[in-house]
Amino acid sequence: MFRGNAGLSTDFAKKMKLLSLSLFVGLSVLSATVSCLDNGLARTPPMGWLSWERFRCNTDCVNDPENCIGERLYMQMADRLVQDGYKDAGYEYVNVDDCWLAKERDSRGSLQPDPERFPHGIKFLSDYIHSRGLKFGIYEDFGNFTCAGYPGVVGETMDIDSQTFASWNVDYLKLDGCYSDPRDMDKGYPQMGLYMNKTGRPMIYSCSWPAYQVFSGMAPDYSTIAKHCNLWRNYNDIDDSWESVETIIDYYGDNQDALIPNAGPGHWNDPDMLIIGNFGLSYEQSKSQMAIWSILAAPLLMSVDLRKIKPDYRDILINRNLIAINQDPLGIQGRRIYKNKGIEIWARPVTPVSGEVYSYAIAFLNRRTDGTPSEVSVVLQELGLINTLGYKVVDLFENKDLGVYTPKDVLHVSINPTGVVIVKAEVIASIQRTPNFIRPVFTENENFHVPLHNSPNFNVPFVQNNFQQPNFRRD
């Protein structure tokens with residue numbers, strides 16, 4: 001888990017001092033050209049459950065057996081995924097995070113779990129999760145230690161650790177980056193992927209590579225990262241608060257031109273876990289996170305106690321309309337196209353496609369806290385929706401058909417404070433043709449003008465905008 005930038009310089013210096021020369025053993029013989037990741041996985045963003053944000057590094061199974069990091073917790077979460085409809089909705093991974101390890105490797109130099117908290121071993125847990133029709137993920141760190149201080153993966157152990165994960169039938173590896181030098185990550189992360197490929201076991205590869213480089217002042221090479229990782233973190237860990245969610249939303253909006261081009265089937269930007277159903281988000285804020293993560297084509301990794309989640313929040317997480325947007329097979333990450341006075345509009349091209357005309361998911365996000373809903377009106381063609389035959393518009397949370405809109409029609413939405421309205425505008429075609437899947441380019445629209453007044457009623461006027469139609473190709 002990436003710790004964020006609070007006190008970064010001090011923490012980073014400490015970790016650098018602790019860095020052992022053993023990290024460089026194995027990397028020194030890395031060839032100039034490292035084979036790309038070749039696993040055929042994550043063609044849509046991964047969906048599942050991850051322990052970290054909700055359960056952290058609670059290792060006290062004596063006094064808190066219900067919530068400690070141990071095999072019982074993961075088995076119970078697997079059961080809840082199946083019994084409560086999450087698996088049927090698409091959530092399939094149960095991912096162990098930090099603090100599962102023993103403090104030392106075994107006598108053969110292999111990783112091993114804490115024997116008291118995982119008394120039957122990791123293979124037993126993996127088999128149990130697979131028996132439930134789910135997939136199993138595990139955590140490690142490219143460094144001397146994990147972020148919590150357990151044994152990490154260094155150059156000389158990459159081969160044996162990859163073989164260990166394969167022997168446990170691991171389906172997903174999250175590789176963190178604590179206690180390592182970000183300058184070594186451009187070689188180290190691809191090298192670990194190479195060893196994973198060698199095992200013959202398909203494993204999703206989740207990297208923290210760019211996040212550590214960003215906060216050390218480096219500029220990540222996302223085109224290279226996308227060749228070696230199925231998904232990657234690039235910003236702070238999420239905390240259980242609306243403020244944390246907002247900072248992530250801002251980061252993805254402010255840096256979208258750098259982030260979007262390298263996202264697509266098999267390789268995704270990861271804004272971190274869904275915290276819906278915990279303590280820090282209201283109902284409206286939970287809907288907002290789910291909507292924006294769907295627009296971003298983000299991995300949907302819940303971190304919540306599935307044994308205690310309230311039905312309203314569960315319904316947000318298993319909303320089939322939102323999941324369909326998130327899992328859209330085009331794999332085009334959406335972007336922010338409007339931002340003013342606390343109102344944002346985000347859009348994502350999705351299927352179906354007619355010729356070169358896309359359907360769109362459009363999220364209207366209200367960042368205001370006035371205490372009353374904000375009314376927003378927008379002409380469809382100002383959002384780039386120019387199909388002359390129109391669009392069938394559906395409110396995705398309400399599952400309500402709003403009717404057919406033409407490009408010159410005005411769409412009106414009422415958005416609760418810190419809430420969202422997300423619609424799908426499905427292109428109407430007289431003759432369905434096979435699309436050539438040319439990716440659209442669209443940039444944040446600076447031509448929108450919202451009247452300066454105190455009323456939360458917003459009218460986006462008819463203006464020529466720069467939300468362009470498709471002109472670059474799909475992967």
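Quick caveat, the model's predicted, so the values are computed rather than measured.

## Here we look at the overall build of the chain
Okay, step 1: A tally of regular secondary structure across the chain gives 14 helices and 19 strands.
Okay, step 2: Roughly 18300 Å² of accessible area belongs to the chain as shown, and the carbon and sulfur atoms make up 49% of that amount.

## Concerning the pairing of strand β1 (residues 47–50)
If a strand is regular, its side chains alternate between the two faces of the sheet.
Okay, step 1: Of the two faces of β1, the one carrying Met47 and Trp49 and the one carrying Gly48 and Leu50 are both buried.
Okay, step 2: Sheet topology places β1 next to strand β8 (residues 300–302); three bridges connect them, and they run parallel. Each bridged residue has a counterpart across the sheet, and for Met47 the counterpart in β8 is Leu300.
Okay, step 3: For β1 and strand β2 (residues 93–95), the ladder comprises three bridges, and the chain directions are parallel. Looking across to β2, one finds that Leu50 is bridged to Asn95.

## Remarks on helix α10 (residues 242–254)
Okay, step 1: With 13 residues, α10 should cover 18 Å at 1.5 Å per step; its first-to-last C-alpha distance of 18 Å lies within 8% of that length.
Okay, step 2: The complete set of buried residues in α10 reads Trp242, Ser244, Val245, Glu246, Ile248, Ile249, Tyr251, Tyr252 and Gly253.

## Some points on the packing of aromatic side chains
One pair of aromatic rings is described through two measures. These are the centre distance and the angle between the planes.
Okay, step 1: Applying the stated criterion to the full structure yields 15 aromatic pairs.
Okay, step 2: Seen in terms of ring centroids, Tyr189 and Tyr205 are 6.4 Å apart; in terms of plane orientation they differ by 35°. Their pairing is tilted. With Tyr189 in helix α7 (residues 185–199) and Tyr205 in strand β5 (residues 204–207), the pair connects residues that are 16 residues apart, well separated along the chain. The pair Tyr189 / Tyr205 is uniform in exposure class, with both members buried.
Okay, step 3: What links up through ring pairs into an aromatic cluster is the set Trp49, Phe55, Tyr74 and Phe118.

## Some remarks on the sheet that holds strand β13 (residues 391–395)
Okay, step 1: Taken in spatial order, the six strands make up an open sheet running β9-β10-β11-β16-β13-β14, and their pairing is antiparallel. The open sheet has two free edges, formed respectively by β9 (335–340) and β14 (400–405), since each of these has just one partner strand. On average, adjacent strands in this sheet sit at an angle of 20° to one another, irrespective of strand direction.
Okay, step 2: Relative to β14, β13 runs antiparallel, the two being bridged by five bridges. Pairing of Val394 across the sheet is with Asp401, part of β14.

## Some remarks on the pairing of strand β4 (residues 172–176)
Okay, step 1: With five of five residues buried, β4 is to be regarded as a mostly interior element.
Okay, step 2: In β4, alternate side chains face the same way, and those of Tyr172, Lys174 and Asp176 on one face and Leu173 and Leu175 on the other are all buried.
Okay, step 3: Bridge count between strand β3 (residues 135–141) and β4: five bridges; the pairing is parallel. Opposite Glu140, over in β4, you have Leu175 as the bridge partner.

## Let's talk about the sheet that holds strand β6 (residues 231–233)
Okay, step 1: If you walk across this open sheet you meet the eight strands as β7-β6-β5-β4-β3-β2-β1-β8, and the pairing is parallel. In this open sheet, the two edge strands, each paired with only one partner strand, are β7 (268–270) and β8. If you compare each strand with its neighbour and ignore which way they point, the axes differ by 25° on average.
Okay, step 2: Most of the contacts of helix α5 (residues 122–131) go to β3, to which it runs at about 145°, and overall it touches β2 and β3.

## Concerning the environment of Tyr391
Okay, step 1: In this structure, Tyr391 sits in strand β13.
Okay, step 2: For Tyr391, the contacting residues outside a window of four places in its chain are Val357, Tyr358, Leu380, Leu385, Ile386, Gly403, Val404, Tyr405, Ala425, Glu426, Val427 and Ile428.
Okay, step 3: Of the polar contacts made by the side chain of Tyr391, one reaches the backbone nitrogen of Asn387; its length is 3.0 Å.

## Quick word on the state of the cysteines
Okay, step 1: On inspection of all chains with the given rule, the structure shows four disulfides.
Okay, step 2: Through a disulfide, Cys57 is tied to Cys99; the S-S separation comes to 1.8 Å. What sets the handedness of the Cys57 and Cys99 disulfide is the S-S torsion sign, and at about -115° it is left-handed. Separated by 42 residues along the polypeptide, Cys57 in the loop between α2 (52–55) and α3 (71–83) and Cys99 in the loop between β2 and α5 bring together distant segments of the chain.
Okay, step 3: We classify Cys57 as partly exposed; its relative accessible area is 30%.

## Remarks on unusual backbone geometry
Okay, step 1: The omega angle of the peptide bond from Thr351 to Pro352 is 0°, so this bond is cis rather than trans.
Okay, step 2: By secondary structure assignment, the location of Pro352 is in strand β10 (residues 343–354).
Okay, step 3: The phi angle at Ala42 is positive, at roughly 55°, despite the residue not being glycine.
Okay, step 4: Along the chain, the position of Ala42 falls in the loop between α1 (8–18) and β1.
Okay, step 5: One non-glycine residue, Arg56, lies in the positive phi region at around 50°.
Okay, step 6: When you line up the elements, Arg56 lands in the loop between α2 and α3.

Cut-off values and rules
- Residues numbered from 1 in each chain as written.
- Predicted model: local features only at pLDDT ≥ 70, side-chain atom pairs only at ≥ 80, totals over all residues.
- Heavy atoms only, no water.
- Helix = DSSP H or I, 4+ residues; strand = E, 2+ residues; numbered from the N terminus.
- Areas by Shrake-Rupley, 256 points an atom, 1.4 Å probe, with all protein chains shown as cover.
- Buried < 20%, exposed > 50% of the residue type's maximum accessible area, 1.4 Å probe, protein only.
- Pairing = 2+ DSSP bridges.
- Expected span 1.5 Å × (residues − 1).
- Phe/Tyr/Trp six-rings, centres within 6.5 Å; stacked < 30°, edge-to-face > 60°.
- Axes fitted to C-alpha atoms, helices over the stretch in contact; angles between N-to-C directions.
- Contact = heavy atoms within 4.5 Å.
- Polar contact = N/O pair within 3.5 Å; in protein donor to acceptor, adjacent residues only side chain to side chain.
- Disulfide = S-S within 2.5 Å.

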